[in-house]
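For reference, the chains in residue letters:
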Amino acid sequence: MIRLAMLRHGHTHWNRAGQIQGRTDIPLDDEAREGLAEFTLPAGWETADLVASPLLRAQETGEIVTGRRPAVVDALIEMDWGHWEGKKGVDLKADPNSGFRDIEQWGWDYQPPGGESPQMVWDRLAPWLFGLKRDCIAVCHIGIMRMILAKAHGWDFDGPAPFAVKRNRLFVVEIEGDTVKVADPDIVRLERRSA
């Protein structure tokens, strides 16, 4: 049994403005860098493999929190939001012609215009996930975390999610063979650095 702990990257100015980032390579903002510097990995995770999305905001988050440079895993790149990238969800929701839906109404096959469906994201993640040989920390994005947590929880993007992806926490799943399940504990907070 292998454990995977997922850590969401810190804030960017697009996050704070409510803009959809997707694969746009927006760096962390200064406030996020300062905040992340207060944290370190919890006990028991110091020797796990460390990987990150190819996007700068994830790599930088991993390096600040762990003091190590993460290996880049292309499969961890954020979901492609297509024509919606850079736009605000509230504006898309207000436009009846945008086709916008909240992710809780997507199912596995809904696809933003020019983007990826949850199933497409899962199809690129699964070979990497089921190929893990050691406990691993993946610094990534809410879209990636949603796909893996959806599989672990048995959620099908229809109705409220049984989890909430927050920052400064490790979301842990267990992988055995070709199955992924929620670990116990499923969420582990990052620790505050001692002064």
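Located above this text is the structure these notes cover.
In short, a report on the structure. (Residues numbered from 1 in each chain as written. Predicted model: local features only at pLDDT ≥ 70, side-chain atom pairs only at ≥ 80, totals over all residues. Heavy atoms only, no water.)

## Quick look at the packing of helix α5 (residues 118-129) against helix α6 (residues 142-153)
Put simply, α5 and α6 touch, their axes get as near as 10 Å, and they point 80° apart. Taken together, the axes of α5 and α6 lie roughly perpendicular to each other. Seen from α5, the contacting residues are Pro118, Val121, Trp122, Arg124, Leu125 and Leu129; seen from α6, they are Ile144, Met147, Ile148 and Lys151. Residue composition of the contact of α5 with α6, grouped by class: 8 nonpolar, no polar and 2 charged. (Axes fitted to C-alpha atoms, helices over the stretch in contact; angles between N-to-C directions. Helix = DSSP H or I, 4+ residues; strand = E, 2+ residues; numbered from the N terminus. Parallel < 35°, antiparallel > 145°, perpendicular 65-115°, else oblique. Contact = heavy atoms within 4.5 Å. Nonpolar A, V, L, I, M, F, W, Y, C, P; charged D, E, K, R; others polar.)

## Observations regarding the environment of Ala94
Mapped onto the elements of the fold, Ala94 is located in helix α4 (residues 89-94). Judged by its relative accessible area of 62%, Ala94 is exposed. (Buried < 20%, exposed > 50% of the residue type's maximum accessible area, 1.4 Å probe, protein only.)

## Points about the nonpolar core
Counting 43 residues, the largest nonpolar core has Leu4, Met6, Trp128, Leu129 and Ile148 as the members making the most contacts within it. Residue assignment for this core shows that the elements contributing at least two residues are β1 (2-8), α5, β5 (136-140), α6 and β6 (169-176). Here this core takes 8 residues from α6, the largest share from any one element. Residue contacts for Ile148: discarding those within four places in its chain leaves Leu4, Met6, Trp122, Leu125, Leu129, Val173 and Val180. (Core = buried A, V, L, I, M, F, W, Y, C linked by side-chain atoms within 4.5 Å.)

## A short note on the sheet that holds β6
With respect to topology, 6 strands assemble into an open sheet ordered β4-β3-β5-β1-β6-β7, the strand pairing being mixed. Where the open sheet ends on each side, the last strands, each with one partner, are β4 (71-72) and β7 (179-189). Its contacts with the sheet put α6 on β1, β5, β6 and β7, and the angle it makes with β1 is roughly 140°. (Pairing = 2+ DSSP bridges.)

## Quick look at the state of the cysteines
Under the defined criterion, the tally for this structure stands at 0 disulfides. Cys136 forms no disulfide, and the closest cysteine sulfur to it belongs to Cys140, at a distance of 9.6 Å. Using a relative accessible area of 2% as the deciding quantity, one classes Cys136 as buried. For Cys140, a relative accessible area of 0% corresponds to the buried category. (Disulfide = S-S within 2.5 Å.)

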